[in-house]
Amino acid sequence: MSKTHALKNYLPVKFESGPQANDQRLATIKALRKRRPTDLSRTHSMWVARILGKCSKARPCKVEACPRCRRVYRKSFVKAFLKSELQHAIWTRVSIIPDGLLFPEGELKNANLKAIIKRLNKNIQRSNLADAIIIGGIDISLNVFENDVQGWQLHLYFLINRPLTNTLKTSINDAFNKGADKSFSFKEIKSDKQTPLQKHIGRALTYVYKNGFNRRSSYYEARLKRDGSPRINVRSLPLKAHQLAELSSWLGKYSVGDRLFLRNIKRLRAAPLSMKFSLQSALIKQSLSPQKRE
Ligand SMILES: [Zn+2]
């Protein structure tokens, strides 16, 4: 990797340190062990706690519930992107909340991550974005409105190698049948006065595959908008121990990296069972500018 591509130029300032990820692993184990004996998921939670407890640098557990393994995986992921030609393509980042991905608290176990990813991929397959390169991931938050827990909201965040145009917006709207729904956001990734391109890319990639999950608490502000309509504010709060346990128990069913949503792009492991990999896309040449294609 050349100097300008050094990983640290890309990773956000707040990217978790090794000790922070390890503390988070210990907090997760503690939360998992606290599950009540009456809880039907207790046996599975204790099993996940045991696996996370055995995780070490030399023998990583490679489970999606493990903050330490997620950190290693995220770094491999950003590195793989930087080593590939993908970094020379144009990217727009998209955040969407597809229908049917809200699960009541206590029922996250009913969410089938692999089936969800398959379904979202099918949505794109049927649209005119079938040949786009997509690097995305499933994020999850516990949504709360005015202190009422709404449930676990899964949502999709991805980079697509298309410039931000109205055509792109329409295609994504059509793919997910959303009409003019507000639960979309789009932004083309490019440098600006404050932030160089690398930081924007690093921020987007580390957001694609996140390592922290929150309670997303929305509430009415006392102050109304100028037109008299209510003003809604959102706060990001840490999950409570039993919520972290429910989430980690569910994530414990999957391997690290299973939350990624990739299209027209392959992850090739450096060695069997390794968390190091490369990203390859047969379509990347077509999407680069003529100078970069050589
Ligand atoms: Zn681990």
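The structure this text deals with has already been given above.
Note that this is a predicted model, so its numbers are computed, not measured.

Visitor: It is not clear to me how the environment of Cys 61 should be interpreted in this structure. Could you clarify?
Guide: You can see Cys 61 is positioned in the loop between α3 (42-54) and α4 (67-83). Sequence-distant contacts of Cys 61, defined by excluding residues within four places in its chain, comprise Ile 51, Leu 52, Lys 54, Cys 55, Cys 66 and Cys 69.

Visitor: Please explain the pairing of strand β4 (residues 148-160) as it appears in this structure.
Guide: Put simply, side chains in a regular strand alternate between the two faces of the sheet. Strand direction decides the pairing type here: strand β1 (residues 92-96) and β4, joined by five bridges, are antiparallel. By the bridge assignment for β4, Arg 93 is matched with Leu 159. Here two bridges tie strand β2 (residues 102-103) to β4, and the two strands are oriented antiparallel to one another. Note on β4: the bridge partner recorded for Leu 102 is Gln 153. Relative to β4, strand β3 (residues 134-145) is paired through twelve bridges, and the arrangement is antiparallel. From the neighbouring strand, Val 144 faces β4, where its bridge partner is Val 149. Between β3 and β4, which pair antiparallel in sequence order, lie two residues; one of them, Glu 146, sits at a positive phi of approximately 50°.

Visitor: What is the right way to read the packing of α3 against helix α8 (residues 241-251) from this model?
Guide: Packed helix pairs are specified by the crossing angle of their axes together with the interaxial distance, meaning the distance between the axes. Axis separation between α3 and α8 bottoms out at 9 Å; the angle between their running directions is 80°. Considering their axes alone, α3 and α8 lie roughly perpendicular with respect to each other. Counting all contacts with α3, which are made through His 44, Ser 45 and Val 48, the residues of α8 involved are Ala 245, Ser 248 and Ser 249. Of the residues contributing to the contact of α3 with α8, the split by class is two nonpolar, four polar and no charged.

Visitor: What is the right way to read α3 from this model?
Guide: At 3.6 residues per turn, the α-helix brings residues three or four places apart onto the same side. Helix length check: α3, at 13 residues, gives a terminal C-alpha distance of 18 Å against a target of 18 Å (1.5 Å per residue), a fit within 8%. Within α3, burial applies to Ser 45, Val 48, Ala 49 and Leu 52. Viewed end-on, α3 has its buried residues packed into an arc of 105°, placing them on one side of the element. Seen from the open side of α3, the exposed residues pointing more than 90 degrees away from its buried face are Thr 43 and Lys 54. The secondary structure elements touched by the buried residues of α3 are α2 (18-33) and α8.

Visitor: Help me understand unusual backbone geometry, please; the structure alone is not making it clear to me.
Guide: Keep in mind that most residues, glycine aside, have a negative phi and that most peptide bonds are trans. Despite not being glycine, Glu 146 has its phi angle at roughly 50°, a positive value. Tracing the sequence through the fold places Glu 146 in the loop between β3 and β4. The class of Glu 146 is exposed, set by 10 C-beta atoms lying within 10 Å. Of note, Asn 147 is a non-glycine position whose phi angle comes to about 70°, a positive value. Along the chain, the position of Asn 147 falls in the loop between β3 and β4.

Rules behind the numbers
Residues numbered from 1 in each chain as written. Predicted model: local features only at pLDDT ≥ 70, side-chain atom pairs only at ≥ 80, totals over all residues. Helix = DSSP H or I, 4+ residues; strand = E, 2+ residues; numbered from the N terminus. Contact = placed C-beta atoms within 7 Å. Pairing = 2+ DSSP bridges. Axes fitted to C-alpha atoms, helices over the stretch in contact; angles between N-to-C directions. Parallel < 35°, antiparallel > 145°, perpendicular 65-115°, else oblique. Nonpolar A, V, L, I, M, F, W, Y, C, P; charged D, E, K, R; others polar. Expected span 1.5 Å × (residues − 1). Buried ≥ 20, exposed ≤ 12 C-beta atoms within 10 Å, placed from the backbone. Arc of directions from axis to C-beta.

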